[in-house]
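Tertiary structure, described
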Amino acid sequence: MSCRISELVLNCDDPELLARFWSDVLGYVELDREDGMIEIGPADAGFGGLQPTMILSASSNPRVGRLPLHIDVNPVDRDQDAELERLLALGARPADVGQTGDEQWHVLQDPEGNEFCLLRKRLDP
């Protein structure tokens, strides 16, 4: 018996803003909304599919320091440089976490400052 990640929950100041951002980044759609939370996920699978959904949950607790967990994403229909341009146009910002410049990934922040990495390897859609 084993488990599978079904949801990623991100506490945030503005669930609307991050739901739009992450939906655009991942090609997700809004699946559900209740009590200050917005769930987004793959249009064809929704909750329980092979890809986890994301829940953007309104929180008034300020985050202190870096999150101990971050999201990695890979391009699926373009190379890493083109995907980086797309993510920056959506509102991502470069983040400095002490990289040397030789990494094969880019460290970015979403509009609320949550770090995530754009990896190089292109995945099948």
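Keep in mind the model is a prediction, meaning the values are calculated, not measured. (Residues numbered from 1 in each chain as written. Predicted model: local features only at pLDDT ≥ 70, side-chain atom pairs only at ≥ 80, totals over all residues. Heavy atoms only, no water.)

1. Quick word on the packing of aromatic side chains
Taken as a whole, this structure holds 3 aromatic pairs when the rule is applied. Centroid distance Phe21 to Phe116: 6.1 Å. Interplanar angle 65 degrees. Geometry classified as edge-to-face. With Phe21 in helix H1 (residues 15-26) and Phe116 in strand E8 (residues 115-118), the pair connects residues that are 95 residues apart, well separated along the chain. Since its relative accessible area comes to 3%, Phe21 is described here as buried. Phe116 sits in the buried class, given a relative accessible area of 0%. Three or more aromatic residues joined by ring pairs form one cluster here, namely Phe21, Trp22 and Phe116. (Phe/Tyr/Trp six-rings, centres within 6.5 Å; stacked < 30°, edge-to-face > 60°. Helix = DSSP H or I, 4+ residues; strand = E, 2+ residues; numbered from the N terminus. Buried < 20%, exposed > 50% of the residue type's maximum accessible area, 1.4 Å probe, protein only.)

2. Description of the UniProt feature "domain: VOC" (unreviewed entry) in the protein chain
As annotated in UniProt, the feature "domain: VOC" (unreviewed entry) corresponds to residues 4-121 in the numbering used here. End-to-end, the C-alpha atoms of residues 4-121 are 23 Å apart, and along that stretch the chain is 19% helix and 31% strand. (UniProt positions renumbered as here; feature names shortened; annotations may be inferred.)

3. A short note on H1
Here H1 contains 12 residues, and its C-alpha end-to-end distance of 16 Å stays within 8% of the 16 Å for a straight helix at 1.5 Å per residue. All of the buried residues along H1 are Pro15, Leu18, Ala19, Phe21, Trp22, Ser23 and Val25. Downstream of H1 by one or two residues, Gly27 has phi in the positive range, about 70 degrees. (Expected span 1.5 Å × (residues − 1).)

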